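Residue-level structure breakdown
The chain contents come next:
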Amino acid sequence: MKPIYKDILASTLKGEKLLAVLIDPDKMTLDTVPSFIEKVNTSITTHIFVGGSTVDENVTDVLVEKIKKYTTLPVVLFPGDVTQITNKADAILFLSLISGSNPEYLIGKHIASISKLKETDLDVISTGYILIESGKKTAVERVTGTEPLSRTNIQHIVDTAKAGELLGMKLMYLEAGSGAKLSVSKDIILKVKKALNIPLIVGGGIRSKEQLDNAYNAGANLVVIGTAFEENNSFFDELNPHGALSIFPKKEKIK
Ligand code: 1GP
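Since this is a predicted model, take the numbers as computed values, not measurements. (Residues numbered from 1 in each chain as written. Predicted model: local features only at pLDDT ≥ 70, side-chain atom pairs only at ≥ 80, totals over all residues.)

Quick notes on the UniProt feature "binding site: sn-glycerol 1-phosphate" (unreviewed entry) in the protein chain
As annotated in UniProt, the feature "binding site: sn-glycerol 1-phosphate" (unreviewed entry) corresponds to Tyr 173, Leu 174, Glu 175, Ala 176, Gly 177, Ser 178, Gly 179, Gly 204, Gly 205, Gly 226 and Thr 227 in the numbering used here. Counting through the fold element by element, Leu 174 comes out in strand S6 (residues 171-175). Overall, the presence of 28 C-beta atoms within 10 Å leaves Leu 174 in the buried class. With residues near it in sequence (within four places) discarded, Leu 174 still touches Ile 130, Ile 132, Val 184, Ile 188, Ile 189, Val 192, Leu 200 and Val 202. Structurally, Ser 178 can be placed in the loop between S6 and helix H7 (186-195). (UniProt positions renumbered as here; feature names shortened; annotations may be inferred. Helix = DSSP H or I, 4+ residues; strand = E, 2+ residues; numbered from the N terminus. Buried ≥ 20, exposed ≤ 12 C-beta atoms within 10 Å, placed from the backbone. Contact = placed C-beta atoms within 7 Å.)

In structure tokens:
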């Protein structure tokens, strides 16, 4: 088993900032994997997350196998359902949707996943998953039948995250939802981070370098971006501190 959580924790303690590219198996075709992963490999990405709200059976397994052929980056499952579990990945976020009170997403799906999980050697990472209001109805809301937490009641978000930590969760994920109109605010990230001793993940609606830096500066240890990469491959270059990586060697300056 690869020690994915141990590595995230070590990076967090060193103050390193991590970036996960989220690949939704529903939106990526197998033939686009090589070129997309090449972009990922030459970017500041540190992790590849794979998962979606609605994915057909076995699609994730085949996709992860292909991704693994083209990268050495850790592949972490971010599953919407039990059918998305595959041993071809390195780790799985064992997500409990603690912002809602649907028992299926708090513990039900977890129980259903055990027979499959025990056949794998995935690093299983207990993760508190908190959905935050983001300006429009998201797929997570629709699929889980839960309401997001109000973005103005920050104390309630902080208390929810702290309760998750005290229950033993090893990561906390503040989620605005894929394609969110409003990403998680700086103030929310700042206050949740201050209350927690575990690494903090932030995702949903981050589409610019400025938003990414804001999330890091407020205290996010790992940021997840999906839609912005899906819609525009050159976004990888925008995040690269040296701009687009050129395949041509730089010309020496004539003195
Ligand atoms: C969704 O947090 C992730 O679960 C990423 O969201 O697709 O909006 O980047 P985006």
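Regarding the sheet that holds strand S1 (residues 18-23)
Overall, parallel pairing links the 8 strands, which are arranged S1-S2-S3-S4-S5-S6-S7-S8 in a closed barrel. For this sheet, the mean inter-axis angle between neighbouring strands, taken without regard to orientation, is 30 degrees. Two elements, S1 and strand S8 (residues 222-225), share 4 bridges in a ladder whose sense is parallel. Opposite Leu 18, over in S8, you have Leu 222 as the bridge partner. Sitting on the sheet, helix H3 (residues 59-70) is in contact with strand S2 (47-50) and strand S3 (75-77), with an inclination near 165 degrees to S2. Along the sheet face, helix H4 (residues 103-117) touches strand S4 (91-97) and strand S5 (123-131) and points at about 155 degrees away from the line of S4. (Pairing = 2+ DSSP bridges. Axes fitted to C-alpha atoms, helices over the stretch in contact; angles between N-to-C directions.)

Things to note about the site of the ligand
Taken together, the neighbourhood of the ligand is formed by 14 residues, with Ser 178, Gly 203, Gly 204, Gly 226 and Thr 227 sitting nearest. Only S8 and helix H9 (227-231) provide two or more residues apiece to the shell around the ligand. (Near = placed C-beta within 6 Å.)

With respect to the UniProt feature "binding site: Mg(2+)" (unreviewed entry) in the protein chain
In this structure's numbering, the residues bearing the UniProt feature "binding site: Mg(2+)" (unreviewed entry) are Asp 24 and Ser 53. Maximum C-alpha separation among the annotated residues is 8.5 Å over a sequence range of 30 residues, consistent with a single clustered spot. Within the element layout of this structure, Asp 24 appears in the loop between S1 and helix H2 (33-41). Not counting chain neighbours up to four residues away, the residues in contact with Asp 24 comprise Gly 52 and Gly 226. Structurally, Ser 53 is set in the loop between S2 and H3.

Comments concerning the pairing of S8
Side chains Leu 222 and Val 224 project from S8 onto one buried face, and the interleaved Val 223 and Ile 225 project onto a second face that is buried too. Crossover strand S7 (residues 200-203) to S8 through helix H8 (residues 209-218) is right-handed. (Right-handed = clockwise from strand over helix to strand, strands pointing away.)

What to know about unusual backbone geometry
Non-glycine residue Asn 58 carries a positive phi angle of around 70 degrees. Tracing the sequence through the fold places Asn 58 in the loop between S2 and H3. Since 12 C-beta atoms lie within 10 Å of it, Asn 58 is described here as exposed.

Looking at the environment of Gly 179
Within the fold, Gly 179 resides in the loop between S6 and H7. Sequence spacing of Gly 179 and Ala 139 is 40 residues, and the spatial spacing of their C-alpha atoms is 9.3 Å. When neighbours within four sequence positions are excluded, Gly 179 is seen to be in contact with Gly 205 and Thr 227.

Comments concerning the nonpolar core
Core analysis: the largest hydrophobic core is formed by 67 residues, its most contacted members being Val 50, Val 76, Ile 130, Met 172 and Leu 174. Top element by residues in this core is S4. It accounts for 6 residues. Residues within four places of Ile 130 in sequence aside, it is in contact with Ile 98, Ser 99, Leu 149, Ile 157, Thr 160, Ala 161, Met 172, Tyr 173, Leu 174 and Glu 175. (Core = buried A, V, L, I, M, F, W, Y, C linked by C-beta atoms within 7 Å.)

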